[in-house]
Amino acid sequence: MVNGITCWVFDADDTLWESAGFFRDAENSFVLLMENLGFPEDRVRNEVHRRDIERLSVTGYGPGPYIETLRTIITDFVEKPAAGTLSALESIRYRLVNHPVTLFPGVLPTLESLADMGHRLILYTMGEKAHQEDKYEKSGLSHLFEDCVVVPRKTPESLERLLDSLGVNPGEVCVVGNSPRSDIAPALQCGVNAIFVKRQMTWPAEHQDIPVTRLLATVSGISEIQVLLRPDRTGGQWNS
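Values in this document were obtained by computation on a predicted structure and should not be read as measured data. (Residues numbered from 1 in each chain as written. Predicted model: local features only at pLDDT ≥ 70, side-chain atom pairs only at ≥ 80, totals over all residues. Heavy atoms only, no water.)

Another aspect to go through is the packing of helix 1 (residues 20-36) against helix 3 (residues 63-77). Relative to each other, helix 1 and helix 3 sit at 10 degrees, their axes nearing to 12 Å. Considering their axes alone, helix 1 and helix 3 lie roughly parallel with respect to each other. For the pair formed by helix 1 and helix 3, the contact residues are Phe-23, Ala-26, Glu-27, Phe-30, Leu-33 and Met-34 on the first element and Pro-63, Tyr-66, Leu-70, Ile-73, Ile-74 and Phe-77 on the second. Here the contact of helix 1 with helix 3 is composed, by residue class, of 11 nonpolar, no polar and one charged. (Axes fitted to C-alpha atoms, helices over the stretch in contact; angles between N-to-C directions. Helix = DSSP H or I, 4+ residues; strand = E, 2+ residues; numbered from the N terminus. Parallel < 35°, antiparallel > 145°, perpendicular 65-115°, else oblique. Contact = heavy atoms within 4.5 Å. Nonpolar A, V, L, I, M, F, W, Y, C, P; charged D, E, K, R; others polar.)

Taken in spatial order, the six strands of this open sheet run 3-2-1-4-5-6, and their pairing is parallel. Where the open sheet ends on each side, the last strands, each with one partner, are strand 3 (147-151) and strand 6 (216-219). Each neighbouring strand pair of the sheet contributes to a mean axis angle of 20 degrees, computed without reference to strand direction. Across four bridges, the pairing between strand 1 (residues 7-10) and strand 2 (residues 120-126) is parallel. (Pairing = 2+ DSSP bridges.)

Turning to the nonpolar core, a few remarks are in order. Ranked by size, the top nonpolar core spans 29 residues in total, and within it Trp-8, Phe-10, Leu-16, Leu-123, Phe-145, Val-176 and Ile-195 carry the most contacts. Considering every element that reaches this core, the biggest residue donor is helix 5 (residues 107-116), with three residues. Counting 25 residues, the second largest nonpolar core, distinct from the first, contains Leu-56, Val-149, Leu-166 and Leu-215. (Core = buried A, V, L, I, M, F, W, Y, C linked by side-chain atoms within 4.5 Å. Buried < 20%, exposed > 50% of the residue type's maximum accessible area, 1.4 Å probe, protein only.)

Turning to its location among the elements, Glu-27 is positioned in helix 1. Residue contacts for Glu-27: discarding those within four places in its chain leaves Arg-45, Val-48, His-49 and Tyr-66.

A separate point is the pattern of salt bridges. If you walk through the whole model with that rule in mind, you get 15 salt bridges. One salt bridge in this structure joins Arg-50 and Glu-47, with 2.6 Å as the shortest N-O distance. Of the two residues, Arg-50 and Glu-47 both sit in helix 2 (residues 41-59), three residues apart, roughly one turn of that helix. In this structure Arg-50 comes out as partly exposed when scored by relative accessible area, which is 39%. Ionic contacts of the salt-bridge type, sharing partners, join the residues Glu-47, Arg-50, Arg-51, Glu-54 and Asp-76 into one network. (Salt bridge = Lys/Arg side-chain N within 4 Å of Asp/Glu carboxyl O.)

Here we come to the packing of helix 3 against helix 4 (residues 83-97). Viewed as axis vectors pointing N to C, helix 3 and helix 4 meet at an angle of 165 degrees, and their least axial separation amounts to 10 Å. It follows that helix 3 is roughly antiparallel to helix 4 by the angle criterion. The element helix 3 and its partner helix 4 pack so that their crossing is right-handed. Taken together, the residues of helix 4 that come into contact with helix 3 (itself represented by Pro-63, Tyr-66, Ile-67, Leu-70, Arg-71 and Ile-74) are Thr-85, Leu-89, Ile-92, Arg-93, Leu-96 and Val-97. Considering only residue class, the contact of helix 3 with helix 4 consists of nine nonpolar, one polar and two charged. (Left-handed = near helix turned anticlockwise from the far one by under 90°.)

Below is the structure:
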């Protein structure tokens, strides 16, 4: 099955480069800010997570909507926020938007290997278009990809539209990503091969049970894809 794949559709955040850690740092900074205003940590974290999940269907993913969620918590909890409080939130926003693009180990050589083999590489990510495209350019990977496609949310329908635009059949494609809900589930629903990259940190809203299927493989790092492509592969087993 894996030898029939000619087109690889890669997720970006937390698949090719770090992202969740910067959102975690933003949340921790915000919790500390609210604690200094007299609000307990558990209450603030629960409110952040609740509101963040609620707004996804309206605003989609990205640092902009996330920071707006934090801003509404401040204005709802504090009758007249001080200038220093709003300035602290702006500092959190700035760090989140301008964080460095740090590739995970094995990403560059794996992508170079696939490209050298003549495979098509597509970056397929979700969030704010300008922000995602900026990270794409900063990553130093743009020369390896045929295209960078940014959608507000990943669904089976958006994946099918992507495959149609590429002129490929599901059996020729493999989706690679770290999110069970946004990367793996849509791929399997479309009959597309998928590689689930297990990360220690996955945002709670992206958790979902993954079915056991011959279309799915699980790896702990991108470099294991090269192992899967070897005839004598011994790592990153395909589920069956």
